[in-house]
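What the coordinates show
The primary structure of each chain is shown beneath.
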Amino acid sequence: MEPGSDTLTTALLRSDRFRIEREGDWQRLDAIVTAMEKGRLRRISDAELLALPQLYRTVASSLSIARSISLDTATLGYLETLVQRAWFVVYGPRTSLIGWLRGFLGGGWSRSVRGLGIDLAVAFAVMVAGTIVGWLLVAHDPDWYGAIVPGQFGDGRVPGASAETLRGTLFGNSGQNGLGVFAAYLFNNNAGVSIMAFALGFAFGIPTLLLLVQNTAMLGAMLWLYHGAGLTIDLIGWLSVHGTTELFAILLAGGAGLHIGRSMAFPGNRSVLTAASESGRRAAQVMAGVVLMLIVAAGLEGFARQLVDNTPGRLAIGGFMLAGWCAYFFAFGLRRR
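For the structure given in this document, a descriptive report is provided here. (Residues numbered from 1 in each chain as written. Predicted model: local features only at pLDDT ≥ 70, side-chain atom pairs only at ≥ 80, totals over all residues. Heavy atoms only, no water.)

**Points about the layout of surface pockets**
In this structure, the largest pocket occupies an estimated 780 Å³ of space. Around the largest pocket, the lining is made up of 27 residues, and of these Met127, Leu219, Gly243, Thr244 and Leu247 lie nearest the centre. At the level of secondary structure, the elements contributing two or more residues to the lining of the largest pocket comprise helix H5 (117–140), helix H8 (177–199), helix H9 (206–228), helix H10 (232–265) and helix H12 (311–331). Of all the elements, H10 adds the most residues to the lining of the largest pocket, at 10 residues. Tallied by class, residues from the lining of the largest pocket come to 16 nonpolar, 10 polar and one charged. (1 Å grid on protein atoms, 1.4 Å probe; cavity = no way out; pocket = protein on both sides within 12 Å on 5 of 7 lines; lining within 4 Å. Points joined across faces, edges and corners; volume = space filled by probe spheres on them. Helix = DSSP H or I, 4+ residues; strand = E, 2+ residues; numbered from the N terminus. Nonpolar A, V, L, I, M, F, W, Y, C, P; charged D, E, K, R; others polar.)

As structure tokens, this is what we get:
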């Protein structure tokens, strides 16, 4: 017999011995995985379910050994496919998209928001302070208005404008481009601020606080301008239609960013990376909801604000949205099922 044939025979014997010693576990795992893939869970016993993780690890170990000793291609291919199928059964997602949305909207989102209690309180205080700062700056020196409020709209919304001019920017011109451009700017600005407030939280939350102050200072400057013309309530009504939702989204995004920054600055007994990872999961769930809120705000801005051209109606819409968000976040999903 030639030397080459001896080597081939030895390899085949080794492959056969390896398969015979472990094939029982492979077939058992294959049967369980096949039943689960076909949805036949009732045919799987409790003992088989309990053995599933151990069988997966055993077959994964067999695959590692098979690769190291260069077994035949057919055996390697079978084991690789079986390990991949078993991984999805053991570690893969357990719910569909509809199921995830049901759990997310059914209490998961609101519980994550309530988990940011301290951070939301800080973000809210900073936003209020930013509004006051913006008001005081322009009240002390109107030249600050141009530095705080974008001046590219040219629609008369500037210091010194008459009350009639300012009123004209709020009522009776829902079809004009100027108002639509300004509303679109507010939405794009608030969406960008929400994303940046969350992203900058990794710098220990300090840039997040500065961004919240900068954004709400514009609101304070505009309130000062319309207050001088006796149109404070009318401006609040115009903004509240979509603003209650957008500003709430900014608050949540700022709170999520601060939550990550605070956990990194004060990790306690955890490492910084562990603290950031744990807080990041909760903050990411909050941010997923922030995206939904911004979509809702876009719909309100595009339709409700255009159709309702009076302050009481606008305040009613904005107040209803604010009450709905507060009820959902702070009263809904208090109990886990």
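**Regarding the pattern of salt bridges**
Under the definition given, this model contains five salt bridges. Among the salt bridges present, the one from Asp30 reaches Arg85, with a minimum N-O distance of 3.1 Å. A residue pair is termed long-range when its members are at least 10 positions apart, and Asp30 in helix H1 (residues 3–37) and Arg85 in helix H3 (residues 73–91) qualify at 55 residues. For Arg85, a relative accessible area of 22% corresponds to the partly exposed category. Among the ionic contacts, a cluster of salt bridges with common partners joins Asp30, Glu37 and Arg85. (Salt bridge = Lys/Arg side-chain N within 4 Å of Asp/Glu carboxyl O. Buried < 20%, exposed > 50% of the residue type's maximum accessible area, 1.4 Å probe, protein only.)

**Brief notes about the side chain of His259**
Inspection of the secondary structure assignment puts His259 in helix H10. At 3.0 Å, the side chain of His259 and the side chain of Asp119 are in polar contact. Setting aside residues no more than four positions away along its own chain, His259 makes contact with Gly115, Leu116, Asp119, Ser279 and Arg282. (Polar contact = N/O pair within 3.5 Å; in protein donor to acceptor, adjacent residues only side chain to side chain. Contact = heavy atoms within 4.5 Å.)

**Re the nonpolar core**
One broad rule of soluble globular proteins: the nonpolar side chains tend to lie buried together. Core analysis: the largest hydrophobic core is formed by 38 residues, its most contacted members being Trp109, Leu252, Met293 and Phe329. When contributions to this core are tallied by element, the ones reaching two or more residues are helix H4 (97–114), H5, H8, H9, H10, helix H11 (272–307) and H12. It is H10 that provides the largest number of residues to this core, a total of 11 residues. Listed in part, the 21 residues of the second largest apolar core include Leu55, Leu79, Leu82 and Val90. (Core = buried A, V, L, I, M, F, W, Y, C linked by side-chain atoms within 4.5 Å.)

**A closer look at the packing of H9 against H10**
The interhelical angle for the contact between H9 and H10, taken along N-to-C directions, is 170 degrees, at an axis separation of 11 Å. Comparing their axes, H10 and H9 come out roughly antiparallel. Where H9 abuts H10, its residues Thr208, Leu209, Leu212, Asn215, Leu219, Met222, Leu223, Tyr226 and His227 lie against Thr232, Leu235, Ile236, Leu239, Leu247, Ile250, Gly254, Gly257 and Leu258. Among the residues making up the contact of H9 with H10, the classes are represented as 12 nonpolar, six polar and no charged. (Axes fitted to C-alpha atoms, helices over the stretch in contact; angles between N-to-C directions. Parallel < 35°, antiparallel > 145°, perpendicular 65-115°, else oblique.)

**Some words on the environment of Leu79**
Tracing the backbone shows Leu79 in helix H3. Separated by 53 residues in the primary sequence, Leu79 and Trp26 have C-alpha atoms spaced 8.1 Å apart. If near-sequence neighbours (up to four positions away) are discounted, Leu79 is found in contact with Trp26, Val59, Ser62, Leu63 and Ala66.

**Here we look at helix H2 (residues 46–68)**
With 23 residues, H2 extends 34 Å from end C-alpha to end C-alpha; this agrees with the ideal 33 Å at 1.5 Å per step. Bending of H2 peaks at approximately 45 degrees at the position of Leu52, with proline Pro53 no more than four residues after it. (Expected span 1.5 Å × (residues − 1). Bend = angle between axes of the 7 residues up to and from the residue.)

**Regarding the side chain of Asp30**
A polar contact is formed between the side chain of Asp30 and the side chain of Tyr78, at a distance of 3.2 Å. A distance of 3.1 Å separates polar atoms of two side chains, one belonging to Asp30 and the other to Arg85.

**Overview of the environment of Arg28**
Its place among the elements puts Arg28 in helix H1. Not counting residues within four places of it along the chain, the set of residues in contact with Arg28 comprises Ala47, Glu48, Ala51 and Leu55.

**Notes on a nonpolar patch on the surface**
Nonpolar side chains collect at one region of the surface, where Ile98, Trp100, Leu101, Leu105, Val291, Leu292 and Ile295 lie side by side and expose about 620 Å² of accessible area between them. Contributing elements (two or more residues each) for the nonpolar patch: H4 and H11. No other element matches H4, which puts four residues into the nonpolar patch. Inspection of the secondary structure assignment puts Leu101 in helix H4. (Patch = residues over 30% accessible without salt bridge, like charges linked within 9 Å, V, L, I, M, F, W, Y side chains within 5 Å. Areas by Shrake-Rupley, 256 points an atom, 1.4 Å probe, with all protein chains shown as cover.)

**Re the packing of H5 against H10**
Packing of H5 against H10 brings their axes to within 8 Å, and their N-to-C directions diverge by 125 degrees. When the axes of H5 and H10 are compared, the pair comes out oblique. The two elements H5 and H10 meet at a crossing, and its hand is right-handed. Residue-level contacts link Asp119, Leu120, Val122, Ala123, Phe124 and Met127 of H5 to Leu247, Ile250, Leu251, Leu252, Gly254, Gly255, Leu258, His259 and Arg262 of H10. In terms of residue class, the contact of H5 with H10 is built from 10 nonpolar, three polar and two charged. (Left-handed = near helix turned anticlockwise from the far one by under 90°.)

**Topic: H12**
The first and last C-alpha atoms of H12 sit 29 Å apart over 21 residues, in line with the 30 Å expected at 1.5 Å per residue. Thr311, Arg314, Gly318, Met321, Trp325, Tyr328 and Phe329 are the residues of H12 that are buried. Each buried residue of H12 lies within a common arc of 145 degrees when the element is viewed along its axis, so the set occupies one face. Away from its buried face, by an angle of more than 90 degrees, H12 presents the exposed residues Pro312 and Phe320. Sitting at the head of H12, Asn310 places a side-chain oxygen 2.7 Å from the backbone nitrogen of Gly313. (Arc of directions from axis to C-beta.)

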